[in-house]
Amino acid sequence: MDETKYINKGCRLYGTPHCLLLNSESCQKCYVAKLSEDEQAMVMEDIRLIADAVPDDGFEELLDSDKCWLCKSKKKHDASYYAQLNLGHLHPIAEYWRPKGKEYRRDVAMTIPVQLPACRDCRKRVLVNSFVPLLIGVIVAGLGLICVSLEPVRAILVRGGKAIPFLVFLIFVFLGIIVESLLKSKFTRELERRTHVRPGRLPVIGNLVRSGWFVTSSNDGNISFTFRKTPLPNGILTGEGRAELIRQIRNDDSVFLSYDD
């Protein structure tokens, strides 16, 4: 990590491990620089709370690994993507202290990004499971719309009543929903057989879940991944040396604020 890009000595985070763990692109582009000194102190406290809630190990090996973390097979494929998700953890004090009129507002949950090395096959299976069943369901419903829009077909249907074309279209819509549901179930079973998609069954994510973290975006109990060719360049817990920075932050109790007022 290039510490020379952080030059704002007027920032309360300047020169601290909290700043390095936040891993902003530069002081000019860091949102913390725009906050008041009191609000910067709140940011430091929130970073400490995140550091306390994160397990001691696991993060470093994620970005260092060149093998897929989603493969269930004993032989892991080479990773060529990063599967990203966000994890949340209930904020221990936000619900008791949420000041109004401040630019920095605390949410009731702390969130962190997690990036898992992923291979092409796992990415393909996840994307197929996400989009193909829905696409086929839409196509089935679309075929119904096309059918009732054709004048010869419509003329025949209208003989049975003016509402018949609409009812036929609804039948195709329901067929599309049924087809989508059946295909989704089938694709999900195949996906879960070959790919880790449940939070508690991934090694590092399982440790986080047992520590009180939860996946903020999931579908039917499975993780909703987004994929990138490269890891996130900036953001909390995205830089190198995170384990050591977390240890340093945990040893500093001076960041905790008083909320007696």
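Residues numbered from 1 in each chain as written. Predicted model: local features only at pLDDT ≥ 70, side-chain atom pairs only at ≥ 80, totals over all residues. Heavy atoms only, no water.

## Regarding the overall build of the chain
The secondary structure content of the chain amounts to 8 helices and 6 strands. Secondary structure of the chain in N-to-C order comes out as α-α-α-β-β-α-α-α-α-β-β-β-β-α. By the burial criterion, 40% of the 261 residues in the chain qualify as buried. On the chain, roughly 15000 Å² of surface is accessible, and the fraction owed to carbon and sulfur atoms is 56%. (Helix = DSSP H or I, 4+ residues; strand = E, 2+ residues; numbered from the N terminus. Buried < 20%, exposed > 50% of the residue type's maximum accessible area, 1.4 Å probe, protein only. Areas by Shrake-Rupley, 256 points an atom, 1.4 Å probe, with all protein chains shown as cover.)

## Some points on the nonpolar core
Membership of the largest hydrophobic core comes to 51 residues, with the highest contact counts inside it found for L13, L70, L87, L116 and F225. Of all elements in the fold, only α1 (17–22), α2 (37–53), β1 (81–90), β2 (109–118), α4 (120–149), α7 (203–210) and α8 (242–250) reach the threshold of two or more residues within this core. With 7 residues, the single largest contributor to this core is α2. Aside from chain neighbours lying at most four places away, what touches L87 is M110, T111, I112, V114, I205, L208, W213, F214, V215 and T216. (Core = buried A, V, L, I, M, F, W, Y, C linked by side-chain atoms within 4.5 Å. Contact = heavy atoms within 4.5 Å.)

## A closer look at the packing of α2 against α8
With their axes 9 Å apart at the nearest point, α2 and α8 run at an angle of 115° to one another. Classified by the interaxial angle, the pair formed by α2 and α8 is roughly perpendicular. In this structure, α2 meets α8 at a crossing whose hand is left-handed. Together, I47, R48, A51 and D52 of α2 and I246, I249 and R250 of α8 make up the contact between the two elements. (Axes fitted to C-alpha atoms, helices over the stretch in contact; angles between N-to-C directions. Parallel < 35°, antiparallel > 145°, perpendicular 65-115°, else oblique. Left-handed = near helix turned anticlockwise from the far one by under 90°.)

## Notes on the pattern of salt bridges
This structure, assessed with the given rule, holds 8 salt bridges. Note that R48 is salt-bridged to D52, the shortest N-O span being 3.0 Å. Highlighted residues: R48 and D52, both in helix α2, separated by 4 residues, approximately one helical turn. Relative accessible area serves as the criterion here: at 7%, R48 is assigned to the buried category. By relative accessible area, which is 35% here, D52 ends up partly exposed. The residue E192 makes a salt bridge to R198 at a minimum N-O spacing of 3.1 Å. (Salt bridge = Lys/Arg side-chain N within 4 Å of Asp/Glu carboxyl O.)

## Regarding the packing of aromatic side chains
Summed over all chains, the structure comprises 1 aromatic pair. Centroid distance F225 to F227: 6.2 Å. Interplanar angle 50°. Geometry classified as tilted. Here F225 matches F227 in class, with each residue buried. The positively charged end of R123 is found above the aromatic ring belonging to Y81, 4.4 Å away from the centroid. (Phe/Tyr/Trp six-rings, centres within 6.5 Å; stacked < 30°, edge-to-face > 60°. Lys NZ or Arg CZ within 6 Å of the ring centre and 35° of its normal.)

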